[in-house]
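What follows is each chain in one-letter form.
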Amino acid sequence: MADETRRTDGITVDGLARMLRDGKITRRGFLTAAAGLVGGMAAAEGLLPRAAGAQTTRKTEVVVAQGGDLSKMDPHLTTSGWDLSILLNLYDNLTSRHPDGKLYPGLATEWKLVNPTLWQFKLRQGVKFHNGDPFTAADVKFSIERAYDPNRKVSLVRTNFQTIDRIETPDPFTVNFYTKKPDPLLPPRFSFSGGQIMPKKYVETVGDDTFNLKAVGAGPVKLVEWVKDDRVVLDATRDYWQGQIAADRVIFKPIPEMAGRIAALLAGEVDLITKLPPDHADRVAKHPNTKIEGALYSGLYVLMANSKRPPLDNPKVKQALSLAIDRESIVKDLFRGQGMVPSQPIAKGDNHFDESLPPLKYDPSLAKQRLKEAGYKGEEIVIESGQGLIVYDKEMGEAVVSMWREIGVNAKLELLETTVRAQKLREKTFKGFFWADPTSILRDPDGMMWRILGPGGIYDYWRHPRFDELGDAARFSVDEKFRGQAYKEMTKIFQEQVPWIEVIQPIELYGLQKYMDWKAHPIQQIELRGFNFKFRRA
């Protein structure tokens, strides 16, 4: 690059290149400015690989683009992936599940099983919430009791902690959890949704409504501002107990359209994008400045059924609808092979995943027979779909509706705004089917199938006495052989009753700048702590 090529303000192409590498201008900004110096956009684009250098940066801000905006800051009011991307960085939990699948200390430094129904947790000392309040056992007791309090009007995370009988705090840094029966899975229960620890004094002072808008946590970032449908701005916690993260500021931006997210990534305007569709992966991977990361999702993409509404209260109708879905074509043609056809309601990778079960069957003839047996009379069956909540939700919805129509079902796809879907989720008012991506938070069926479908779960649209009996027994058993047998029988009941229709277990892809070292998390967590994120520096 020639130093003599200079703008009237004294900036040279070399200077522009340094600004690009330092993150002071975007790729688009570099191209626009350089084009004026070297005589055209084509010549400027030829300079870009050299200007990008060794893919390092001096940036102090990381920008994450996802498909939707934050809906709630109160962690007991949401299980949305868009919300958890932010909230699991804003708050800390007692335990932490890393991308390697292992459980690590969080706000708890150690834990032990004192007797079959008593877990004791020792807490990290010297931690402060973002408002300066000291972290103690009282905050843990308050937060977890609040999560499962049956008297609270709304809690979407109550079933996570229903094994707990009572909580005692013998000293400021010890918490004793007494369970109703033995619960071998209690420590990992605290690592995800609903396990975020809140400052008791602050929440009680400002009230729930204010807290939901001006949340305070003890995580690696703290809230600066939330501009609805535009951005959530978070500053790094300087005295965070794990050390400050690799950025001074984190911004989450909702960009609903995938084309817009990809364009922003390729232009250097954002550092990380979520839910990258496989048919765009090559474009991101082959770009000189960007790369992809991915992980097999520890969960499923499913069509959740409101089984309380006809004709979905008839299991044979749902069996027919499941048989009519050509999942292999969805995996192959839509997801470009980036995923697998499910065989059961338990995600591959979980304890007690039954390797002997074949992939779910595609059989349109049998589907028509099931409809006839069910006495289906042409009632309308609706899929209410978001756009960007999960990868290809709209496109999969269109494909499934087409497949259902081929067997004579009066099927319809309706698109929902994010806020409308969130309201329907809280109020359990979906018309028929809706897309969901249940996550296995415990690497165990209790952390997905039973947590979500059990009595009082967020998708409690269906009950079966034997299923409930087995799920409750398996939750409290320390006999893994019994638990495995229980989940096999629950799976058989599930496949007969079809409370949800499994469609795919996808490999979820993310696009990011090459100067970012970051690993995808199997449970969709945008983990920005030091063990999982850093900038490559010159």
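Model, not experiment: these values are computed from the prediction. (Residues numbered from 1 in each chain as written. Predicted model: local features only at pLDDT ≥ 70, side-chain atom pairs only at ≥ 80, totals over all residues. Heavy atoms only, no water.)

(A) Fine view of the pattern of salt bridges. Taken as a whole, this structure holds 34 salt bridges when the rule is applied. The salt bridge involving D74 is made with R146; its shortest N-O contact spans 2.7 Å. Linking D74 in the loop between β1 (61–66) and α4 (81–90) with R146 in helix α5 (residues 137–148), this pair joins segments that are 72 residues apart in sequence. In this pair, the class of D74 matches that of R146, namely buried. Across the pair R536 and D517 runs a salt bridge whose closest N-O atoms are separated by 2.8 Å. (Salt bridge = Lys/Arg side-chain N within 4 Å of Asp/Glu carboxyl O. Helix = DSSP H or I, 4+ residues; strand = E, 2+ residues; numbered from the N terminus. Buried < 20%, exposed > 50% of the residue type's maximum accessible area, 1.4 Å probe, protein only.)

(B) Geometry of the environment of A473. Along the polypeptide, A473 turns up in helix α17 (residues 465–475). Note on A473: relative accessible area 30%, which makes it partly exposed. Through-space distance from the C-alpha of A473 to that of K181 is 9.7 Å; in sequence the pair is 292 residues apart.

(C) Representation of the nonpolar core in the model. One finds L94, I144, F177 and W518 to be the most contacted residues of the largest nonpolar core, which totals 59 residues. Sorting elements by how many residues they give to this core places α5 first, with six residues. Ignoring sequence-local partners within four residues, the contact set of I144 consists of F161, I164, I167, F177, F190, G194, G195 and I197. Judged by nonpolar contacts, the second largest core, of 41 residues, contains A320, I325, V391 and V498. (Core = buried A, V, L, I, M, F, W, Y, C linked by side-chain atoms within 4.5 Å. Contact = heavy atoms within 4.5 Å.)

(D) Quick peek at the side chain of Q344. Within the secondary structure, Q344 is located in the loop between β14 (339–340) and α13 (364–374). With a relative accessible area of 1%, Q344 lands in the buried category. Here D354 takes part through its backbone oxygen, which lies 2.9 Å from a polar atom of the side chain of Q344. Setting aside chain neighbours within four positions, we find Q344 in contact with L300, H352, F353, D354, L357, T491, Q495 and E502. (Polar contact = N/O pair within 3.5 Å; in protein donor to acceptor, adjacent residues only side chain to side chain.)

(E) Summary view of the packing of helix α12 (residues 327–334) against helix α14 (residues 393–406). Across the interface, α12 lies against α14 with an axial gap of 11 Å and an inter-helix angle of 145°. With respect to the hand of their crossing, α12 and α14 are arranged in right-handed fashion. Counting all contacts with α12, which are made through S329, I330 and L334, the residues of α14 involved are E395, M396, V400 and M403. For the contact of α12 with α14, a count of residues per class yields five nonpolar, one polar and one charged. (Axes fitted to C-alpha atoms, helices over the stretch in contact; angles between N-to-C directions. Left-handed = near helix turned anticlockwise from the far one by under 90°. Nonpolar A, V, L, I, M, F, W, Y, C, P; charged D, E, K, R; others polar.)

(F) Structural detail: the sheet that holds strand β4 (residues 108–115). With respect to topology, four strands assemble into an open sheet ordered β4-β5-β7-β6, the strand pairing being antiparallel. Sheet topology places β4 and β6 (164–171) at the edges, where each strand pairs with a single neighbour. The sheet shows a mean angle of 20° between the axes of neighbouring strands, direction not considered. In terms of strand pairing, β6 meets strand β7 (residues 174–179) through five bridges, oriented antiparallel. Within β7, the residue paired with E168 across the bridge is N176. Sheet strands touched by α5: β5 (118–123), β6 and β7. Its angle to β6, the strand with the most contacts, is close to 170°. (Pairing = 2+ DSSP bridges.)

Remember that the coordinates give geometry; whether it matters functionally is a separate question.
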